[in-house]
Amino acid sequence: MSDDNRLVASTRSEFGKGAARRARRDGQVPAVLYGHGTDPQHLNLPARDFASILRAHGTNVVINLDIDGKDQLALTKSIVVHPIRRHIEHADLLIVKKGEKVSVEVRIVVTGNAAPGALVTEETNTIKLEVDALDIPESVEVSVEGAEVGTQFLAGAVALPKGATLADDAELLLVNVVAAQAAEPAAGEETEAAAGAEA
């Protein structure tokens, strides 16, 4: 894991909305770290550095936290983003240990072109995997190259990254290949035809 994922976190002693607002005003993100039977730890993370890590690695990123001089690996579990201002309002982090397996939702990327006359529909855009905490894949690829109408790609049949196991239902439909609908006449053409009929 790179040093880019290192954050110096400070322990929070103030709680509530007012304290959270003050922390955000000071360029901090209020966060809670939990897991492994420990009491939840309330932290402040440097907002700019945290956002930069998420932009570079996505939300399934393991961060090396420096909490009062003590190192702790943590996986981002959930992030609350302000709907208008788009800044991070709060984060939940999960304690992880080297060699530990974690359950994460990984993005599905569809590649290739289906057979002529076929339309590819993505039924879901993530798949749940059980993977090593320090080896979380960014995405899982589903190739639809040459797939005929009626082909369905189920979670259980997708090639998973090395060391990953499926934590979703094997019958979960990821991608469906259906018949492309015949193109409907443009609205303008219909109007012209109707006008011609009336004349």
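Procedures and definitions
Residues numbered from 1 in each chain as written. Predicted model: local features only at pLDDT ≥ 70, side-chain atom pairs only at ≥ 80, totals over all residues. Heavy atoms only, no water. Helix = DSSP H or I, 4+ residues; strand = E, 2+ residues; numbered from the N terminus. Buried < 20%, exposed > 50% of the residue type's maximum accessible area, 1.4 Å probe, protein only. Pairing = 2+ DSSP bridges. Salt bridge = Lys/Arg side-chain N within 4 Å of Asp/Glu carboxyl O. Contact = heavy atoms within 4.5 Å. Core = buried A, V, L, I, M, F, W, Y, C linked by side-chain atoms within 4.5 Å. Axes fitted to C-alpha atoms, helices over the stretch in contact; angles between N-to-C directions.

*Asks:* Got a minute to help me understand the overall build of the protein chain in this structure?
*Replies:* Check the secondary structure of the protein chain and you find three helices and 13 strands. When each of the 199 residues of the protein chain is scored for burial, the buried share is 32%.

*Asks:* Is there a simple way to explain the sheet that holds strand β7 (residues 101-111) in this structure?
*Replies:* Two pairing modes exist for strands in a sheet, parallel and antiparallel, and in both the strands are linked by backbone hydrogen bonds. An order of β10-β7-β9-β12 is seen for the four strands of this open sheet, with the pairing classed as mixed. The strands lining the two open edges of the sheet, one partner per strand, are β10 (139-143) and β12 (165-166). Both β7 and β10 contribute to a ladder of five bridges, which runs parallel. Residue pairing across strands places Val109 opposite Glu141, the latter belonging to β10.

*Asks:* Would you mind going over the pattern of salt bridges with me for this structure?
*Replies:* Once the charged atoms of two side chains with opposite charge are near each other, the side chains can pair. Following the criterion strictly, the structure yields two salt bridges and no others. Here Arg6 ties to Asp66 by a salt bridge, and the two come within 3.8 Å at their closest N and O atoms. With a gap of 60 residues between them, Arg6 in strand β1 (residues 6-11) and Asp66 in strand β4 (residues 62-67) connect regions that are remote in the sequence. The class of Arg6 is partly exposed, set by a relative accessible area of 33%.

*Asks:* Can you help me understand the environment of Ala167 in this one?
*Replies:* Secondary-structure assignment places Ala167 in the loop between β12 and β13 (173-179). When sequence neighbours within four positions are dropped, the list of residues in contact with Ala167 reads Ser103, Lys128, Leu129 and Glu130.

*Asks:* When you look at the pairing of strand β6 (residues 88-95) in this model, what are you seeing that I'm missing?
*Replies:* Taken residue by residue, a regular strand's side chains alternate between the two faces of the sheet. The pairing of strand β2 (residues 28-35) with β6 spans four bridges and is classified as parallel. Residue pairing across strands places Val32 opposite Asp92, the latter belonging to β6. Direction of pairing for strand β5 (residues 70-81) relative to β6: antiparallel, over a ladder of seven bridges. Each bridged residue has a counterpart across the sheet, and for Thr76 the counterpart in β6 is Leu93. Here β5 hands over to β6 after six residues, with Arg86 in that stretch at a positive phi of 70°.

*Asks:* Before we go on, may I ask you to explain the nonpolar core in this structure?
*Replies:* Here is a general trend for soluble globular proteins: nonpolar side chains tend to be buried in one another's company. Ranked by internal contacts, the top residues of the largest apolar core, which has 26 residues, are Val102, Ile127 and Leu174. Those elements giving two or more residues to this core turn out to be β5, β7, β9 (126-132), β10 and β13. Setting aside its immediate chain neighbours within four residues, Val102 contacts Leu75, Val96, Leu129, Glu130, Val131, Ala133 and Ile136. Membership of the second largest hydrophobic core comes to 19 residues, among which are Val29, Ala31, Leu33 and Ile63.

*Asks:* What is the right way to read the sheet that holds β13 from this model?
*Replies:* Spatially, the three strands line up as an open sheet ordered β8-β13-β11, and their pairing is antiparallel. Here the strands that pair on one side only, and so sit at the sheet edges, are β8 (118-122) and β11 (152-154). Within this sheet the neighbouring strands show an average axis-to-axis angle of 15°, counted without direction.

Worth remembering: the numbers are spatial, not functional.
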